[in-house]
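# Architecture at a glance
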Amino acid sequence: MLSYQHAYHAGNLADLHKHAMLATALDYLTRKDKPLSYLETHAGRGLYRLDGAEARKTGEAQAGILRATAQGWLPDDHPLHRALACVRRAHGPLAYPGSPLIAAHFLRPGDTAHLAELHPAEYQALSQVAGFATLHRSDGFAMAQAVCPPTPRRGLLLIDPSYEVKADYQTVPRQIGLLARKWNVGIVALWYPILTDNRHEPMLRALMQAHPDALRSEVGFAPARPGHAMIGSGMWVLNPPFGLAAEAARLTRLFRDRA
Ligand SMILES: C[S@@+](CC[C@H](N)C(=O)[O-])C[C@H]1O[C@@H](n2cnc3c(N)ncnc32)[C@H](O)[C@@H]1O
């Protein structure tokens, strides 16, 4: 039974970090005239309304992307800023792209995309906006294991679980180990929460031990509500593309100074 719905959290500070990293990587990868595969294990609904009841209930987008754009945290030519501007032009100023629509902004006609989403309502909403991709209403890890190595082999896989199943923290390093063996050139980007009880740390230790050259990007911020356990956002990237480490360092400074 899945209860997590990203509409309550879309555009929060964790999304800002994750989506800035994703957009930067895809911007770089799609500059080369070579086809790309884009895969997501946990896609969500693709398009969110920041004036919807869910977003207004938590106020997380207000403290996240709405504050960041009002205060000019991202330069106008930042890849996330460009993708966001495009989605706002098409869907209104309070629309916010999830990772599938950020990817859609960069992918070209010859590129390939596979998106998995298990929640029936989220899958239904995704199917309305993700005509560019092959959609899988199935477990995202099973989809990734079935599709990898993808064709073309040059590509990026985003793993963005909700971690509502606590076993995800053990599942992730095992799944990434299997994927890395089958797809040694693949860029694998994993999002994880930074939690007050450090529940994420054993997963990160296992990942860094198995893949010491991977990029670990972390930003800190105040909890969304008093007592809320998430106090930061992490992106762990295997085979990071050129420029991503510099963007990670820039984001760490930005969040330290402004979040
Ligand atoms: C954090 S949200 C995804 C947000 C999205 N990646 C973005 O950045 O816009 C996680 C999503 O994973 C879905 N989900 C949970 N377990 C899943 C599974 N085993 N396979 C595929 N999707 C799953 C949830 O329904 C939810 O929509």
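Keep in mind it's a predicted model, so treat the numbers as computed, not measured.

### Topic: the overall build of the protein chain
Assigned secondary structure in the protein chain consists of 10 helices and 9 strands. Against the globule reference of 18 Å for 259 residues, the protein chain gives a C-alpha radius of gyration of 17 Å, in line with a compact fold. Dimensions of the protein chain along its principal axes, counting C-alpha atoms only, are 40 × 40 × 40 Å. Residues classed as buried in the protein chain amount to 47% of the 259 residues present. Counting contacts in the protein chain only where the partners sit at least 6 residues apart, residues at least 24 apart contribute 77% of the total.

### Some details on the nonpolar core
In this structure, Ala25, Leu156, Val188, Ala189 and Leu190 are the most contacted members of the largest nonpolar core, which totals 75 residues. Considering each element in turn, this core owes the most residues, 10 residues, to helix H1 (residues 13-29). If we ignore the near neighbours within four places in the chain, the residues touching Leu190 are Ile159, Val172, Ile176 and Trp236.

### Section: the UniProt feature "site: Interaction with substrate rRNA" (unreviewed entry) in the protein chain
Mapped onto this numbering, the UniProt entry annotates "site: Interaction with substrate rRNA" (unreviewed entry) at Tyr4. Here Tyr4 lies in the segment before H1. Filtering out sequence-adjacent residues up to four positions away, Tyr4 remains in contact with Ser162 and Glu164.

### Here's the deal with the sheet that holds strand S1 (residues 37-40)
Spatially, the 7 strands line up as an open sheet ordered S5-S4-S1-S6-S7-S9-S8, and their pairing is mixed. Edge positions in the open sheet fall to strand S5 (134-136) and strand S8 (215-220), since each of these has one partner strand only. Between one strand axis and the next, the sheet turns by 15° as a mean value, whatever way the strands run. Pairing of S1 with strand S6 (residues 155-159), which is carried by 4 bridges, proceeds in the parallel orientation. Each bridged residue has a counterpart across the sheet, and for Ser37 the counterpart in S6 is Gly155. Lying on the sheet, helix H10 (residues 244-258) is in contact with S8 and strand S9 (230-238); it crosses S8 at an angle near 15°.

### Digging into the UniProt feature "active site" (unreviewed entry) in the protein chain
The UniProt record annotates "active site" (unreviewed entry) at Asp160. Among the structural elements, Asp160 can be located in the loop between S6 and helix H8 (168-182). Other than its neighbours up to four places away in sequence, Asp160 contacts Lys18, His42, Ser99 and Trp191.

### Overview of the pairing of S6
Side chains on a regular strand alternate between the two faces of the sheet. A large share of S6 lies buried, amounting to 5 of its 5 residues. Bridge count between S6 and strand S7 (residues 187-195): 4 bridges; the pairing is parallel. Across the sheet, the residue bridging to Leu157 is Val188, located in S7. Handedness of the S6-H8-S7 crossover: right-handed.

### Overview of helix H4 (residues 79-91)
With 13 residues, H4 ought to run about 18 Å at 1.5 Å a step, and its terminal C-alpha atoms sit 18 Å apart, in line with that. Listed in full, the buried residues belonging to H4 are Pro79, Leu80, Ala83, Leu84 and Val87. Angularly, the buried residues of H4 cover 130° about the axis, an arc narrow enough to put them on a single face. Those residues of H4 hidden inside the fold are in contact with H1, strand S3 (95-97) and helix H5 (99-106). Gly92 sits one or two positions beyond H4 and adopts a positive phi of about 105°.

Criteria and cut-off values
- Residues numbered from 1 in each chain as written.
- Predicted model: local features only at pLDDT ≥ 70, side-chain atom pairs only at ≥ 80, totals over all residues.
- Helix = DSSP H or I, 4+ residues; strand = E, 2+ residues; numbered from the N terminus.
- Rg over C-alpha atoms; globule rule 2.2 N^0.38 Å.
- Buried ≥ 20, exposed ≤ 12 C-beta atoms within 10 Å, placed from the backbone.
- Contact = placed C-beta atoms within 7 Å.
- Core = buried A, V, L, I, M, F, W, Y, C linked by C-beta atoms within 7 Å.
- UniProt positions renumbered as here; feature names shortened; annotations may be inferred.
- Pairing = 2+ DSSP bridges.
- Axes fitted to C-alpha atoms, helices over the stretch in contact; angles between N-to-C directions.
- Right-handed = clockwise from strand over helix to strand, strands pointing away.
- Expected span 1.5 Å × (residues − 1).
- Arc of directions from axis to C-beta.

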